[in-house]
Amino acid sequence: MSQSANEFDNDGSRSPRFGKWFSSLIFATITLVSAVSAANYTEERSSTSSRYQNWTVACASLSFTTTIIAVFMHISGCTSVYIVGTRLEGILSTVIVGFWAATVSISTDSKYGLAVDGTGAISNGNLYYFSWFGLITSVWVLSSYLQTAFYIDLPREMRSRGARIQSWSILLATGVVVCFSSLSIYNKSCAFNGGSDASFCRRTKFGIGLGGACGLLALYVLAIKLITRKNFLIAESFFSICLIVTNCVGVAYITGELGPGAALGNLYYFSWASFGVSLVLGASCYEDYQNFKAGLYERDDEDDVQLSAVEVVGTDVQVEDLDDI
C-alpha cells in the first residue's frame, strides 16, 4: 500500500480524489440515462448502428458501475484503505478512461445517430456534453493518481521535455478529432449519397485534410522534441504561422453557413480549438523570440562593460608604467 493511503482523516478517510470520483459518478449517471434514451428513440435502425448503440449503453453502464464502486469504497472507512492510493485505484482509473473514451467515440459519431445526427449536429445535448465531461474527469482522476502514487506530475514532465509540448499535444488531439469528424460526415453525407451539395462536400474534404495535416505536423514536432529534447524556435515559429493562417481559413470555411461544422458538434468545437491552440503556439514562439533578443542585448551590454574595464585597466597600467619611468 502506498504512502498516500495514510493521508486521511480518521473520521472521513476520503482521498484528495473523492470529489473527482463523485463528479465522475454524476456524469456517468446522466450519460447512462441519456444513452439508453437515445438508443431507444434514435432514427438510426440499421444492424450496424444498433450494434454500436448497444456498445455505447454497455460502456456507459460499465463506467457507472466502476465509478459507483470507487465512490462507495472511498466513503467507507473500512474499505477506503483498500482503494485510496493503491493499485486497485490505479486499475479502476485506467479502465474507466477506456470506457469513457469508447463512449465518446461512438456516441459522437454521426454514423450512429446517438448524441449527434447525420450532419454532426448535436441532437442529444446531455449525452454529448456529459460524455465529454466524464472523459475529461476520468483523465483528471488518473493523472491525480499517478502524481500521488508514483510522484509523476504529467504537466511538469511534459514541460521538462521542452517548450510548448502541452500545446503541441493538444493540437495533435484536436487535429485527429477534426479529421475523423469530417471523415464521418463525408462518409454519411457525400461518399454514399452522391453528394447533393458539392460545396458542402468540398468543405468536408478540406476538414479531413486540415485535421490530418495538423495532427501529422504536431506528431512530427512532438517526436523531434521528445527524442532530441532540442528547441528549434525558427522552425516552430514558421509552423505556427502556417497553422494560424490555415486554421483561420479552416474555421471560416468549415464552420461557415454551408460548412459541415456550422452546427454545434465535434467539428465545430475542435475546429475552433485547433485555431485557438495555433494562436497560443504563435504567441509562445513570439515570446521566446523576444526573450532571446533581450538575452543578446544583455550579453552585448556585458561585453561592452568588460571592454570598457579592460581599456581603463590598460590605461592605468600605462600611466603607472610612465610614473615608474
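To be clear, the structure that these remarks concern was listed above.
Since this is a predicted model, take the numbers as computed values, not measurements. (Residues numbered from 1 in each chain as written. Predicted model: local features only at pLDDT ≥ 70, side-chain atom pairs only at ≥ 80, totals over all residues. Heavy atoms only, no water.)

**Describing the packing of aromatic side chains**
Taken as a whole and judged by the stated rule, the model has twelve aromatic pairs. Centre to centre, the rings of F130 and F133 are 5.6 Å apart; their planes meet at 85°, and the pair counts as edge-to-face. Placement of the pair is F130 and F133 together in helix α4 (residues 125-149), with a separation of three residues, close to one helical turn. Between the aromatic rings of Y268 and Y269, the centroid separation amounts to 5.5 Å while the plane-to-plane angle is 80°, which identifies the pairing as edge-to-face. Residue Y268 is classed as partly exposed on the basis of its relative accessible area of 26%. Each member of the aromatic cluster is reached from another via a ring pair, and the members are Y128, Y129, Y268 and Y269. Lying across the ring of W140, K20 places its NZ or CZ 4.7 Å from the centre. (Phe/Tyr/Trp six-rings, centres within 6.5 Å; stacked < 30°, edge-to-face > 60°. Helix = DSSP H or I, 4+ residues; strand = E, 2+ residues; numbered from the N terminus. Buried < 20%, exposed > 50% of the residue type's maximum accessible area, 1.4 Å probe, protein only. Lys NZ or Arg CZ within 6 Å of the ring centre and 35° of its normal.)

**Quick look at the environment of C214**
For C214, the location among the structural elements is in helix α7 (residues 198-228). Spatially, the C-alpha atom of C214 lies 9.0 Å from that of C179, the residues being 35 residues apart in sequence.

**Overview of the state of the cysteines**
Throughout the structure, instances matching the rule amount to one disulfide. Between the sulfur atoms of C190 and its disulfide mate C201 the distance is 2.1 Å. What sets the handedness of the C190 and C201 disulfide is the S-S torsion sign, and at about -100° it is left-handed. Linking C190 in helix α6 (residues 165-191) with C201 in helix α7, this pair joins segments that are eleven residues apart in sequence. Here the two residues C190 and C201 agree in accessibility, since each one is buried. Lacking any disulfide linkage, C214 is separated from the closest cysteine sulfur, that of C179, by 10.0 Å. (Disulfide = S-S within 2.5 Å.)

**Some details on the environment of W100**
Note that W100 resides in helix α3 (residues 87-107). Taking the relative accessible area as the measure of exposure, W100 reaches 1% and is therefore buried. C-alpha of W100 to C-alpha of W132: the two residues are 32 residues apart in sequence and 8.1 Å apart in space. With sequence-adjacent residues up to four places away left out, W100 is seen in contact with S24, F27, A28, T31, S63, F130, S131, G134, L135 and S138. (Contact = heavy atoms within 4.5 Å.)

**Some words on the nonpolar core**
W21, W168, L171 and L243 are the most contacted members of the largest nonpolar core, which has 53 residues in total. Within the residue set of this core, elements represented by two or more residues are α1 (18-41), α2 (47-75), α3, α4, α6, α7, α8 (233-254) and α9 (266-324). No other element matches the nine residues that α1 contributes to this core. With sequence-adjacent residues up to four places away left out, W21 is seen in contact with T67, A70, V71, H74, E89, L92, S93, I96 and V141. (Core = buried A, V, L, I, M, F, W, Y, C linked by side-chain atoms within 4.5 Å.)

**Describing the pattern of salt bridges**
Overall, the coordinates contain four salt bridges when judged by the stated rule. Here E236 makes a salt bridge to R164, at a shortest N to O gap of 3.0 Å. Of this pair, E236 sits in helix α8 while R164 sits in the loop between α5 (154-160) and α6; the two residues are 72 residues apart in sequence, bridging distant segments of the chain. Across the pair E236 and K225 runs a salt bridge, and its minimum N-O distance is 3.1 Å. Of the two residues, E236 sits in helix α8 while K225 sits in helix α7, which places them eleven residues apart along the sequence. (Salt bridge = Lys/Arg side-chain N within 4 Å of Asp/Glu carboxyl O.)

**As for a nonpolar patch on the surface**
A surface patch of nonpolar side chains, about 340 Å² in accessible area, is lined by F206, I241, V245 and V249. Considering each element in turn, the nonpolar patch owes the most residues, three residues, to α8. Structurally, I241 can be placed in helix α8. Exposure remark for I241: the relative accessible area of 55% places this residue in the exposed category. (Patch = residues over 30% accessible without salt bridge, like charges linked within 9 Å, V, L, I, M, F, W, Y side chains within 5 Å. Areas by Shrake-Rupley, 256 points an atom, 1.4 Å probe, with all protein chains shown as cover.)

**With respect to the packing of α7 against α8**
At a minimum axis separation of 10 Å, α7 and α8 run at an interaxial angle of 160°. In terms of axis orientation, α7 runs roughly antiparallel to α8. Handedness of the α7/α8 crossing: left-handed. From α7, R202, R203, F206, G207, L210, C214, L217, Y220, V221 and K225 reach across to α8, where they touch E236, F239, L243, T246, N247, V249, G250, A252, Y253 and I254. Its residues assigned to classes, the contact of α7 with α8 comprises twelve nonpolar, four polar and four charged. (Axes fitted to C-alpha atoms, helices over the stretch in contact; angles between N-to-C directions. Parallel < 35°, antiparallel > 145°, perpendicular 65-115°, else oblique. Left-handed = near helix turned anticlockwise from the far one by under 90°. Nonpolar A, V, L, I, M, F, W, Y, C, P; charged D, E, K, R; others polar.)

**Section: the packing of α3 against α4**
Relative orientation of the contacting elements α3 and α4 amounts to 155°, with a least axis distance of 9 Å. Viewed along their axes, α3 and α4 adopt a mutual orientation that is roughly antiparallel. Where α3 crosses over α4, the two elements pack in a sense that is left-handed. Along the contact surface, α3 presents R87, E89, G90, S93, T94, I96, V97, W100, A101, T103, V104 and S107, while α4 presents L127, F130, S131, W132, G134, L135, S138, V139, V141, L142 and Y145.

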